[in-house]
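Structure at a glance
The residues making up each chain are set out below.
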Protein chains: 2
Amino acid sequence: MAKKQQEKSRQTMQELMDSAFFLFGSKGFVQTSVAEITEHAGYAKGSFYRHWNSKDELFLLIVEQKFRHYRAERNGRVDRATSLEEVMNIIWDFLESILDDENWSSIFLEFTVYSARNDVLRQRMNKSGYRLSNAIFADLVRDHIVTDYPPEKIGALNTALFEGFLIHRALGTRLLSVKDVRDSAIAMALGLGTRQG
Amino acid sequence: MAKKQQEKSRQTMQELMDSAFFLFGSKGFVQTSVAEITEHAGYAKGSFYRHWNSKDELFLLIVEQKFRHYRAERNGRVDRATSLEEVMNIIWDFLESILDDENWSSIFLEFTVYSARNDVLRQRMNKSGYRLSNAIFADLVRDHIVTDYPPEKIGALNTALFEGFLIHRALGTRLLSVKDVRDSAIAMALGLGTRQG
DNA sequence: ACGAAAAATGACCGTAGGTCATTTTCTGAC
DNA sequence: GTCAGAAAATGACCTACGGTCATTTTTCGT
């Protein structure tokens, strides 16, 4: 069998990934160098590129993994919701689980804005599991919207408020609490998606 | 007189600044190198550092200048406003003048998030004329708020929505129009600051 | 024990921000 | 007009980083 070699390679890859996860999480994307990642895991810099083509690529994998993890906690609950307010609360429980990861949420922000400056990367970023998805949001809330305001737009506005809050926090302004933003976002969604008495 | 030398120095500085302004505006902050700035103006790289201590420093000066320019158009109008809605509309006319500068608004975003990763820079960024100020916002709207919701928080939420929209646009998502965001932001402020019938 | 294949290495490249000793230009005094 | 000191301008150099790749080391079936 040549399995042992493959196993070793897989293990090295995992060690590098763990190292990257740790370093990205403590110092951010730009501040963490490839050499640091490999050194911290006990390898030489060149080894990195046997496993990924770029620092961007590894970071995207980690983001994808993180998002999968956050989402796992959300699934199922939405189906049982009976009102827009309930759905929004479930969505914000999910968003709060991201915000609880204080370091990582600011690193998502760093990478998101970084990716916007690179055509190829931006397109990847927009596509799949790397960001809050307006399409998914729309699916979650659609059934509970009684106005003709497009659900995707409500999702995009919700995301804007969420990501704007990430900037607010990243700059160290402590004026707004998570609850302030959550309440405002939910009120905004209800204002757009339901008819107010 | 030694005035001619000073004059020449001032002129060189202005040429470098113009060059930087042009290049930052077309390629962004990180993508524009100091060597490019000086070369485009017809000087050698070393000359840059006779005038500023770092690329950051020159960029901050340019941002300050831009904001002064935007603000100049706003002053005066607010005094004559008689309702929160009027004030919010004036504020959003101002914000739209920033958004009209499509390249620059995304470059502000780039630099804002970049600065968040650097303690010293972040503190400068928070202080003066480099960002939308929650304190100024609060002063503008305070007289028209009849609830006990803190005006600063309304300002911070408004800024969050505004900056979240910058991210939305920077990523090329064209789901939201400026008007969508403006309307939502104003509705949000009215919801928090006035008593609804 | 050996040879091929896989894994790991680190010197090297280009680019970038920033430094500084040296050169060039300017200016006022004579 | 000349010359010395000062200011302006220069570009080689430093360090750091992402990325490449020829070479070395390790692994493993025969």
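Sequence order as written defines residue numbering, which begins from 1 separately in each chain. All chains are assigned letters beginning with A, and all ligands numbers beginning with 1, in the order in which they are written. Under the rules for a predicted model, residues below a pLDDT of 70 receive no local features and side-chain atom pairs below 80 are neither given nor counted, while totals for whole chains, interfaces and linings still include all residues. The side-chain quantities take in all heavy atoms of the structure and omit both hydrogens and water.

**Notes on the overall build of chain A**
Along the backbone of chain A there are 10 helices and zero strands. Listing every helix and strand of chain A by position from the N terminus yields α-α-α-α-α-α-α-α-α-α. For chain A, with 197 residues in total, the buried portion stands at 51%. For chain A, contacts bridging at least 24 residues in sequence account for 66% of all contacts bridging at least 6. Here chain A displays about 9700 Å² of accessible surface, and carbon together with sulfur accounts for 49% of that area. Lys and Arg are tallied as positive, Asp and Glu as negative. Neither His nor the chain termini are counted. Positions of charges follow a simple convention, taking NZ of Lys, CZ of Arg, CG of Asp or CD of Glu. Side-chain charges of chain A comprise 26 positive and 26 negative groups, with the mean position of each set lying 5 Å from the other. Secondary structure follows DSSP: runs of H or I at least 4 residues long count as helices, runs of E at least 2 residues long count as strands, and numbering of each begins at the N terminus. The classification of residues rests on relative accessible area computed with a 1.4 Å probe and restricted to protein chains. Under 20% of the type maximum is buried, over 50% is exposed, and intermediate values are partly exposed. Throughout, a contact is declared for two residues whenever any of their heavy atoms are within 4.5 Å. Here the open area of atoms and residues is found with the Shrake-Rupley method and a 1.4 Å probe, where only the protein chains shown may cover a residue.

**Focus on the packing of aromatic side chains**
All names here are of chain A. Here the aromatic set is Phe, Tyr and Trp, taking the six-membered ring for Trp, and pairing holds for ring centres within 6.5 Å; pairs whose planes are under 30 degrees apart are stacked, those over 60 apart are edge-to-face, and all others are tilted. In the structure shown here, the tally under the stated rule is 32 aromatic pairs over all chains. Arranged with centres 4.9 Å apart and planes meeting at 80 degrees, the rings of Phe 29 and Phe 111 form a pair that is edge-to-face. Here the residue Phe 29 occupies a position in the loop between α1 (3–27) and α2 (34–41), and Phe 111 occupies one in helix α6 (residues 102–115), the gap between them amounting to 82 residues. Residue class for Phe 29 comes out buried when judged on its relative accessible area of 1%. In this structure Phe 111 comes out as buried when scored by relative accessible area, which is 0%. Three or more aromatic residues joined by ring pairs form one cluster here, namely Phe 21, Phe 24, Phe 29, Phe 59, Phe 67, Tyr 70, Trp 104, Phe 108, Phe 111 and Tyr 114. We count a charge as sitting over a ring when the NZ of a lysine or the CZ of an arginine lies within 6 Å of the ring centre and within 35 degrees of the ring normal. Sitting over the face of the ring of Phe 29, Lys 55 holds its NZ or CZ atom 4.5 Å from the ring centroid.

**Topic: the domain arrangement of chain A**
Residue and element names in this part refer to chain A. Looking at chain A, the domain boundaries give domain 1 (1–52) and domain 2 (54–193). The C-alpha-based centres of domain 1 and domain 2 are spaced at 29 Å. Listed per partner, the contact involves 13 residues of domain 1 and 16 residues of domain 2. Accessible area, probed at 1.4 Å, shrinks when two parts are joined; the buried area is that loss added up over both. Summed over both sides, the interface of domain 1 with domain 2 buries roughly 1500 Å², with 76% coming from carbon and sulfur. Considering only the side of domain 1, the residues that lose the most area to domain 2 are Phe 21, Phe 29 and Trp 52, jointly responsible for 46% of the buried surface there. Think of a salt bridge as a Lys or Arg side-chain nitrogen and an Asp or Glu carboxyl oxygen that are within 4 Å of each other. Connecting domain 1 to domain 2 are zero salt bridges. Side-chain atoms alone can form a polar contact between residues adjacent in sequence; in general such a contact is a pair of N or O atoms within 3.5 Å, and within protein one must be able to donate a hydrogen while the other accepts it. Across the domain 1-domain 2 interface, the total number found is five residue pairs in polar contact (both at pLDDT 80 or more). Every element with two or more residues in the side of domain 1 that touches domain 2 is listed here: α1 and α3 (45–51). Among the elements that take part in the side of domain 1 that touches domain 2, α1 stands out by supplying five residues, more than any other. These domain boundaries are the output of an automatic or database domain assignment.

**With respect to the packing of helix α6 (residues 102–115) of chain B against helix α7 (residues 119–127) of chain B**
Residues and elements named next belong to chain B. Where α6 meets α7, the axes come as close as 8 Å, and the angle between the chain directions of the two elements is 130 degrees. Judged by the inter-axis angle, α6 sits oblique to α7. Facing Phe 111, Thr 112, Tyr 114 and Ser 115 of α6, the residues of α7 in contact are Leu 121, Arg 122 and Met 125. Interaxial angle, 0 to 180 degrees, is taken between N-to-C directions of lines fitted to C-alpha atoms, where a helix line uses only the stretch in contact. Roughly parallel covers angles under 35 degrees, roughly antiparallel covers those over 145, roughly perpendicular covers 65 to 115, and oblique covers all other angles.

**What to know about the environment of Leu109(A)**
Residue placement: Leu109(A) occurs in helix α6. Looking at Leu109(A), the relative accessible area reads 3%, which means it is buried. Considered as a pair, Leu109(A) and Gly164(A) are 55 residues apart in the sequence and their alpha carbons are 9.5 Å apart. Residues contacting Leu109(A), with those up to four places away along its chain left out, are Glu163(A), Leu166(A), Ile167(A), Ala170(A), Val113(B) and Ile167(B).

**What about the relation of the copies chain A and chain B?**
Least-squares fitting of chain A to chain B yields an RMSD of 0.0 Å, with the superposition described by an axial translation of 0.0 Å and a rotation of 180 degrees. The two molecules are tied by a two-fold rotation axis, judged by turn and shift. Each copy is superposed on the other by least squares, with the fit set by C-alpha atoms of residues at a pLDDT of at least 70 in both.

**Points about the side chain of Lys55(A)**
Residues and elements named next belong to chain A. Its location among the elements puts Lys 55 in helix α4 (residues 55–74). Within the local environment of Lys 55, its side chain forms a polar contact with the backbone oxygen of Thr 32, the two atoms lying 2.7 Å apart. The contact partners of Lys 55, leaving out residues within four places of it in the chain, are Phe 24, Phe 29, Val 30, Thr 32, Val 34 and Phe 48.

**Notes on the interface of chain A and chain B**
In this complex, chain A contributes 40 residues to the contact, which on the side of chain B involves 38 residues. With both chains or domains summed, chain A and chain B bury close to 3100 Å², and 66% of this area falls on carbon and sulfur atoms. Counting every contact that joins chain A to chain B gives four salt bridges. The partner of Glu110(A) in a salt bridge is Arg117(B), and the shortest N-O contact between them spans 3.5 Å. Across the contact surface, chain A and chain B share seven residue pairs in polar contact (both at pLDDT 80 or more). For the side of chain A that touches chain B, the elements supplying multiple residues, two or more each, are α6, α7 (119–127), α9 (151–170) and α10 (178–193) of chain A. Element by element, the count of residues in the side of chain A that touches chain B is highest for α9(A), at 12 residues. Here the side of chain A that touches chain B is composed, by residue class, of 18 nonpolar, 13 polar and nine charged. We call Asp, Glu, Lys and Arg charged. Ala, Val, Leu, Ile, Met, Phe, Trp, Tyr, Cys and Pro are nonpolar, and the rest, Gly among them, are polar.

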